[in-house]
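# Structure at a glance
Spelled out from the first residue to the last, the chains are:
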Amino acid sequence: MYEGSLPLLFDVALLVVLLNAGVLAHLLLKHDKANGGAFQRDAPSGWKSVLLVIAHPDDESMFFGPTLQTLQRLGAHVHILCLSNGGADGLGAVRTKELEAVRDFLGIRSLEVVDDPRMRDGFGERWPAGV
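To start, this report covers the structure provided alongside it.

Quick notes on the rules
- Residues numbered from 1 in each chain as written.
- Predicted model: local features only at pLDDT ≥ 70, side-chain atom pairs only at ≥ 80, totals over all residues.
- Heavy atoms only, no water.
- Pairing = 2+ DSSP bridges.
- Helix = DSSP H or I, 4+ residues; strand = E, 2+ residues; numbered from the N terminus.
- Axes fitted to C-alpha atoms, helices over the stretch in contact; angles between N-to-C directions.
- Salt bridge = Lys/Arg side-chain N within 4 Å of Asp/Glu carboxyl O.
- Buried < 20%, exposed > 50% of the residue type's maximum accessible area, 1.4 Å probe, protein only.

## Digging into the sheet that holds strand 3 (residues 49-54)
What the three strands build is an open sheet, ordered 3-4-5; its pairing is parallel. Unpaired on one side and paired on the other, strand 3 and strand 5 (110-113) mark the two borders of the sheet. Adjacent strand axes in the sheet meet at a mean angle of 15 degrees, parallel and antiparallel pairs treated alike. In this structure, strand 4 (residues 77-82) lies alongside strand 5, joined through four bridges in parallel fashion. Counterpart to His 79 in the pairing with strand 5 is Ser 110.

## As for the pattern of salt bridges
Applying the stated criterion across every chain, the model contains five salt bridges. We note a salt bridge from Arg 95 to Asp 121, for which the minimum N-O separation is 3.7 Å. Of this pair, Arg 95 sits in helix 3 (residues 92-106) while Asp 121 is found in the segment after strand 5, placing the two residues 26 residues apart along the sequence. Comparing Arg 95 with Asp 121, the two get one shared label, buried. A cluster of three or more residues bridged by salt bridges with shared partners is formed by Asp 58, Arg 95 and Asp 121.

Worth remembering: the numbers are spatial, not functional.
Okay, here's the thing in structure tokens:
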């Protein structure tokens, strides 16, 4: 790991959590003005199909679990694109199977895991911009 990168990782993680909380709050507090302020039970207009793009397996659960469940409950079709198989420790196949189990448990419509050697998982890895 590079010196000084831990505070940056913390900042990025905090930003992801805050953005997730904002989306979740928007979904949960969304009021239908035409219905006298009643809670809206359908997915927000334009949110009938949602694509979540994550870097590696477990991000969907660690950062987006409540939002994914809320979107599902509101009727949105959720799809996940995972940009690596999470194989930094040689367990890419296992982590992919775990992600597939999450897909099945949460009722995710589709899941695609990119297994491109140019996009390996790991703290020391850098993905080329052209990928």
